[in-house]
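One letter stands for each residue in the lines below.
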Amino acid sequence: MRQILIKGRLLLLALVFMFIASACAKEVAKPTKEERISPPQSEASTNEKIKIGFSMDTLQEERWLRDRDLFKESVEALGAEVVIMAANGDDALQISQAETLISQGVDLLILVPHNAESTATIVHKAHLAGIKVIAYDRLVKNADIDLYVSFDNEKVGEMQAKAMTKLVPKGNYVFIGGAITDNNAHLLKKGVFNVLQPLIEKGDIKIVYDQWTKDWLPANALANMQSALKANGNQIDAVIAANDATAGGVIQALMEQGLAGKVPVAGQDAELAAAQRIVEGTQSMTVYKPIKALTDEAARLAVALAKGETVGEYQKVNNGKIEVPSFLLSPIAVDQLNIDDTIIADGFHSRQDVYKLSGE
Ligand code: GAL
């Protein structure tokens, strides 16, 4: 009897012990922080709304406000959601904002870098969290970026130089570049000199001033152009400015010397003020980039990547580390002759605003 009692107690003990052991085993297997932030792609896309993080450099230029609003529309039209942060040109702030988006568990990060080099760390941090990264409009250098979507920025520069050399085949040229931290500024400059170099070598064109514009600020472009005019005794025949904001600074400096409308100026971005200057005659051309096409393409790619789907045919752009799969859209050169058929026809700006028509 005693034997049976002892055996029974032992059995009970064993059962209790096994129960405790299995409970302990379940505790150890809880997922780590990383696993929680980026569950396997397909899982997130099937039962949760895709969440995209959009880290922007700035909202300083007119176009970025449009990129922000249209990208949100494009993403929501695909049934996903987007969290947007803009760093006002501050590198440290952009990195910490990206860290916030990563820790919020976004399914994909899309990035407009202020500084092409320093944002490589964002790509690294996102990948550690299992989050893919798309470079939007501007490339991130020396990083394992997953995709790049933009316009063909070298072509932007070629279009500017072609338009200007048609108007001014010979003479003194000024080049007002973009921000040296922005890879687009380098691509655009390469495009400009693809066209100018042969004419420089022939002696038809002379570059009398060539300067980057810190942070693309119009005030810096104004100061640069004032120095160019002073250094050359106002003997300047044409100016290529990397975008319309800097072109505005250039034209203000020309105006101070009574040269606005006399010296042709090229720009980029089809800002409203630039479109108005083109019809008035103080700016010769701009390069129009239909932002809706870019945001639609970027949203398509972002949601597809977040779902772990394939993204289709692409080009390759070298960023100093890898050949980045890239989608480059075509820009459009605009001057007085085709402004109605391009910017206005697309509703990018209204005819009333461009021609300053009151109550038409
Ligand atoms: C460039 C962009 C241009 C221009 C500029 C200033 O990267 O391609 O459209 O706006 O930034 O923000």
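Residues numbered from 1 in each chain as written. Predicted model: local features only at pLDDT ≥ 70, side-chain atom pairs only at ≥ 80, totals over all residues. Heavy atoms only, no water.

- The chain is annotated in an unreviewed UniProt entry as D-xylose ABC transporter substrate-binding protein from Paenisporosarcina macmurdoensis.
- Its UniProt record, at the heading Subcellular location (unreviewed entry), says of the chain: "Cell envelope". (UniProt positions renumbered as here; feature names shortened; annotations may be inferred.)

Re the site of the ligand
(1) Moving on: Close contacts around the ligand come from E61, R63, W64, D137, R138, D182, N184, W216, N243, Q268, D269 and K289, and that covers them all.
(2) Moving on: Here an oxygen atom of the ligand and a side-chain polar atom of D137 are 2.9 Å apart.
(3) Moving on: For the ligand, the accessible surface in isolation is 310 Å², of which the surrounding protein chains cover 100%.
(4) Moving on: In this structure the site holding the ligand corresponds to the largest cavity.
(5) Moving on: Among the domains, domain 1 (48-145 + 291-329) and domain 2 (153-289 + 334-354) are the pair contributing at least three residues each to the shell around the ligand. (Near = heavy atom within 4 Å. Polar contact = N/O pair within 3.5 Å; in protein donor to acceptor, adjacent residues only side chain to side chain. Areas by Shrake-Rupley, 256 points an atom, 1.4 Å probe, with all protein chains shown as cover. 1 Å grid on protein atoms, 1.4 Å probe; cavity = no way out; pocket = protein on both sides within 12 Å on 5 of 7 lines; lining within 4 Å. Sits in = over half its atoms within 2 Å of the grid points. Domains from an automatic or database assignment.)

A closer look at the nonpolar core
(1) Moving on: Counting 41 residues, the largest nonpolar core has I52, F71, I110, I134 and Y136 as its most contacted members.
(2) Moving on: Considering every element that reaches this core, the biggest residue donor is helix 12 (residues 291-306), with 10 residues.
(3) Moving on: Here this core spans two domains, and each of domain 1 (48-145 + 291-329) and domain 2 (153-289 + 334-354) adds at least three residues to it.
(4) Moving on: Formed by 23 residues, the second largest nonpolar core is a distinct cluster that contains M159, F175, I205 and V287. (Core = buried A, V, L, I, M, F, W, Y, C linked by side-chain atoms within 4.5 Å. Buried < 20%, exposed > 50% of the residue type's maximum accessible area, 1.4 Å probe, protein only. Helix = DSSP H or I, 4+ residues; strand = E, 2+ residues; numbered from the N terminus.)

A closer look at helix 8 (residues 183-202)
(1) Moving on: With 20 residues, helix 8 ought to run about 28 Å at 1.5 Å a step, and its terminal C-alpha atoms sit 29 Å apart, in line with that.
(2) Moving on: A maximum bend of about 40° is found in helix 8 at L196, where proline P198 lies one to four positions downstream.
(3) Moving on: Every buried residue belonging to helix 8 is among N183, N184, A185, L188, K189, G191, V192, F193, V195, L196 and L199, and all of these are buried.
(4) Moving on: The N-cap of helix 8, judged by a side-chain oxygen 2.8 Å from the amide nitrogen of N184 a few residues on, is D182.
(5) Moving on: One or two positions beyond helix 8, positive phi appears at G203, with a value near 90°. (Expected span 1.5 Å × (residues − 1). Bend = angle between axes of the 7 residues up to and from the residue.)

Regarding the domain arrangement of the chain
(1) Moving on: We note that the domain assignment places domain 1 (48-145 + 291-329) and domain 2 (153-289 + 334-354) within the chain.
(2) Moving on: When each unit is reduced to the centre of its C-alpha atoms, the spacing between domain 1 and domain 2 is 28 Å.
(3) Moving on: At the interface, 13 residues of domain 1 touch 17 residues of domain 2.
(4) Moving on: A buried area of about 1300 Å², summed over both sides, lies between domain 1 and domain 2, and 40% of it is on carbon and sulfur atoms.
(5) Moving on: Across the domain 1-domain 2 interface, the total number found is 1 salt bridge.
(6) Moving on: A salt bridge links D182 to R138; the shortest N-O distance between them is 2.9 Å.
(7) Moving on: In this structure, the connection of domain 1 to domain 2 is made through 8 residue pairs in polar contact (both at pLDDT 80 or more).
(8) Moving on: The greatest single-element share of the side of domain 1 that touches domain 2, amounting to 3 residues, is contributed by helix 4 (residues 62-77).
(9) Moving on: The residue makeup of the side of domain 1 that touches domain 2, split by class, is 3 nonpolar, 3 polar and 7 charged. (Contact = heavy atoms within 4.5 Å. Buried area = accessible area lost by both parts, 1.4 Å probe. Salt bridge = Lys/Arg side-chain N within 4 Å of Asp/Glu carboxyl O. Nonpolar A, V, L, I, M, F, W, Y, C, P; charged D, E, K, R; others polar.)

Remarks on the pattern of salt bridges
(1) Moving on: Under the criterion given, the structure shown has 17 salt bridges.
(2) Moving on: One salt bridge connects K125 with E99, and the closest N-O pair in it is separated by 2.6 Å. With K125 in helix 6 (residues 120-128) and E99 in helix 5 (residues 91-103), the pair connects residues that are 26 residues apart, well separated along the chain.
(3) Moving on: Residue classification places K125 among the partly exposed positions, given a relative accessible area of 31%.
(4) Moving on: Among the salt bridges present, the one from E280 reaches K356, with a minimum N-O distance of 2.8 Å. Within this pair, whereas E280 is found in helix 11 (residues 272-280), its partner K356 is found in the segment after helix 14 (351-354), the two being separated by 76 residues in sequence.
(5) Moving on: Residue E280 is classed as partly exposed on the basis of its relative accessible area, which comes to 49%.
(6) Moving on: Salt bridges here are not isolated pairs; linked through shared partners, they connect D57, R138 and D182.

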